[in-house]
Amino acid sequence: MLNKILKLCGIGFISLFFMQATQARVIKFATEATYPPFVYVNNHGEIHGFDVDIAMAICELLKFECTFTNQPWDSLIPSLQFGKFEALIGAISITPERQEKVLFTEPYYENKADYVIPINQPSLKIKEGTIIGVQAGTTLADYLTETYGDKIKINRYASVEQAFLDLIATRLDAVFGDQPVVIHWVKESGKKQFKLAEHVVHSPQYLGKGFGIAFRKDEPDLVEHFDFALNQLKKDGTYQRIYQHYFD
Amino acid sequence: MNLSLILAHLPQLIQGLITTLELMGVTLLFGLSLGLVLTVLSSLNRWYLTKTINAFIFLIRGTPLLVQLFIIYYGIGQFAWLRDTSLWLFFKQPFACAVLAFGLNTSAYTTELFRGAIKAIPRGEIEACQALGMSNTLMLCHIVLPRALQFALPAYSNEVIMILKCTTLASTVTLLDLTGMVRLINAETYASLEFFLVAGAIYLLLNGGIMALFGYLEKKLIKPLA
Amino acid sequence: MIFDGFLAQLLLGTWITIKLAGCALVLGLSLGIIGMLGSTSKISGLRYLSRIFISLIRGLPELLVLFFIYFGSGFILTKIVGQYIEVTSFTAGVIALGLIFGAYASQTFKGAFRAIPKGQNEAANALGLSQRRIFWYILLPQAWRHALPGLSNLWFVLLKDTALVSLIGLADLMNNAQIAASSTQKPFTFFAVTGVIYLLLTTVSQYVFNYFIQRSNRHLAHL
């Protein structure tokens, strides 16, 4: 009797494993959904955001079926290269280093970065020992390392949301992030205790030429399709509509 | 296998290794001391002490270390009123939070270990001490602790290796230990395999070192007593 | 109200955690038996290989094993097979946790098999049973009784180690708790609740294991 129960449980778990581990093949986007308003997870577990809407609009135009999966930032480019996914999206800056490994579409968003500081501080002061929080492994982190080097202490977090938690907890003097992300956070969660430093950084060298959708190097035709569709969206006003929805 | 790449990042790896060793050292000191204190308190046979200690051990053993770490690091920061006290000077430091979490964790397992070791002492020896009219302190120092040490030392070597493994979680709260450094380098260079292999080799070497140290301790401390 | 609607996410995450642990357990038990057979084998090459592999996995930090399998296995498998193999964070988690469980379990099984009286094996041989039958029908059922306490400890470690898989993006309990904590800026609330849920899981497991351990000893007379 016991043997039968145990065998059933074993078979049950083995089947669950196969059900969980198999995935359907479509245009699978990987993203790290911790970056409102570009990509984020709402409290129903759904992935939403500006990038998601743009991608969905493109897919609708091209008649592709698109799915989005949440993955940690470090694993995005490796997973794309190994073939786990067909595309990457989500506030990914187009940089020369990344262009060595993947193909990007034309930028669908020109990015700038800014700092978030406590509201009673008149302006951003970068001096010896300032502690700034940033998302690990991003070009934002690289910019800080190259620009300020050892003068400041850079705290790296798995997600920018964890950095904000530490900013509230006063472990950080400032958080450095993409402009819309920090604007959105100050508006929604800043609770009148934080503000933008208005120390806007526009550095094509580090922040890249903008955000692009990444594909594998052996898929130039996919890039062409997406560029074409993006242009169409800009021409027929869909792009502007989505932009206004998120950034105005 | 890109050796030049590894050499280029050697300073970072060494820095990470130093942080790992620092974490391990302080955690060991804190965890062992707390474990000893809790063991002694537990042996006093006061029901309120024993019950509290048992509850503490139950909580620690029943939840993942990662949860304990996050409660201490991120959770404490949630309370604004706490941030205004001088306690915050401690909790503000990631190193302090990590050591606190790792130390509490290892102290729970250490207490269990020591309690088990004390229980394993043959009843006859305790009775002999009492028959000879030894005071509790004398008995503790000359018979109980040495005998318990004899039983506990081999098992404690496993616990020290556990502490080493715990330190890898420090990178989740912005500390750059060896694992954290390797993740950082991995994000910059995407050369996954090389650096994880190097880190793995270093951890195995550290393991070997700990086992060798305990082998030496056993020879010095246990054999003379046997 | 206190959970801001994230309670459903936590429960969903709990279910993923249980699935992950269950699958890793099945893999781990199988690997444990294979490991035990390997490390006690009469073929010295196999014996050395098994022992080295087991020591390696037991000596490495769990997080490193997980990262290595997640980042490395896709790379290696693709090179071997030529086309890509799917390695999700769930799969990587099952493999890593299963390997770790198996490495420790092989030691537990070794001790359990050693505890079976030699007479059992001799009698079975005398009756002319094949090696395979002796293993599956005589030795293994008796070994469970000795192995269960050790295996139950390994299960608790496995259950808690599932939290690490959140660090490679699996939407388990820990991962969903992190998202909720960051979104609502209530980390203490959510991590405390997560701790309680893990506590419930381990306590229920404790009762289940105690039941099975009692049952396995039911034929022993109580003195």
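Just so you know, these numbers come straight off a predicted model, no measurement behind them.

J.: How would you explain the sheet that holds strand β4 (residues 47–48) of chain A if you had to name every residue and give the values?
T.: Residue and element names in this part refer to chain A. What the three strands build is an open sheet, ordered β2-β3-β4; its pairing is antiparallel. Whereas interior strands pair on both sides, the edge strands pair on one side only; in this sheet they are β2 (34–35) and β4. Note: strand β3 (residues 39–41) against β4, two bridges, orientation antiparallel. The residue of β4 that forms the bridge with Tyr-40 is His-48.

J.: So what's going on with the state of the cysteines? Which residues, and what values?
T.: Under the defined criterion, the tally for this structure stands at one disulfide over all chains. With its sulfur 1.9 Å from that of its partner, Cys-59 of chain A forms a disulfide with Cys-66 of chain A. A torsion of -80° about the S-S bond marks the disulfide between Cys-59 of chain A and Cys-66 of chain A as left-handed. There is no split in this pair, since Cys-59 of chain A and Cys-66 of chain A are both buried. No disulfide involves Cys-9 of chain A; its sulfur sits 12 Å from that of Cys-23 of chain C, the nearest cysteine. Here Cys-9 of chain A falls in the partly exposed class, since its relative accessible area comes to 40%. The thiol sulfur of Cys-97 of chain B is not disulfide-bonded, and the nearest other cysteine sulfur, from Cys-166 of chain B, lies at 16 Å.

J.: Can you explain the interface of chain B and chain A? Please cite residues and give values.
T.: In this assembly, 16 residues from chain B lie in contact with 16 residues from chain A. For the pairing of chain B and chain A, the buried interface totals around 1500 Å² over both sides, and the portion due to carbon and sulfur atoms is 53%. Inspection of the region where chain B meets chain A yields zero salt bridges. Seen at the junction of chain B and chain A, the total is eight residue pairs in polar contact (both at pLDDT 80 or more). Where the side of chain B that touches chain A is concerned, the elements lending two or more residues are α4 (65–75), α6 (88–91) and α10 (178–189) of chain B. Per-element tally for the side of chain B that touches chain A: the top contributor is α10 of chain B, with four residues. Taken together, the residues of the side of chain B that touches chain A break down into ten nonpolar, three polar and three charged.

J.: Describe helix α2 (residues 10–43) of chain B, and please don't skip the residues or the numbers.
T.: Residue and element names in this part refer to chain B. With 34 residues, α2 should cover 50 Å at 1.5 Å per step; its first-to-last C-alpha distance of 48 Å lies within 8% of that length. Every buried residue of α2 is accounted for by Leu-13, Gly-16, Thr-19, Thr-20, Leu-23, Met-24, Thr-27, Gly-31, Gly-35, Leu-38, Thr-39 and Ser-42. In the segment just after α2, Asn-45 is the residue with positive phi, at about 60°.

J.: Just give me the short version of the pattern of salt bridges, but keep the residues and values in it.
T.: Per the stated rule, a full pass over the model turns up six salt bridges over all chains. A salt bridge links Arg-171 of chain A to Asp-166 of chain A; the shortest N-O distance between them is 2.8 Å. Residues Arg-171 of chain A and Asp-166 of chain A agree in their burial class; the two are buried. Taking the shortest distance from any N to any O, the salt bridge between Glu-112 of chain B and Arg-115 of chain B comes out at 2.9 Å. Separated by three residues within a single helix, Glu-112 of chain B and Arg-115 of chain B lie in helix α7 (residues 94–119), roughly one turn from each other.

What counts, and where the lines are drawn
- Residues numbered from 1 in each chain as written.
- Chains lettered and ligands numbered in written order.
- Predicted model: local features only at pLDDT ≥ 70, side-chain atom pairs only at ≥ 80, totals over all residues.
- Heavy atoms only, no water.
- Pairing = 2+ DSSP bridges.
- Helix = DSSP H or I, 4+ residues; strand = E, 2+ residues; numbered from the N terminus.
- Disulfide = S-S within 2.5 Å.
- Buried < 20%, exposed > 50% of the residue type's maximum accessible area, 1.4 Å probe, protein only.
- Contact = heavy atoms within 4.5 Å.
- Buried area = accessible area lost by both parts, 1.4 Å probe.
- Salt bridge = Lys/Arg side-chain N within 4 Å of Asp/Glu carboxyl O.
- Polar contact = N/O pair within 3.5 Å; in protein donor to acceptor, adjacent residues only side chain to side chain.
- Nonpolar A, V, L, I, M, F, W, Y, C, P; charged D, E, K, R; others polar.
- Expected span 1.5 Å × (residues − 1).

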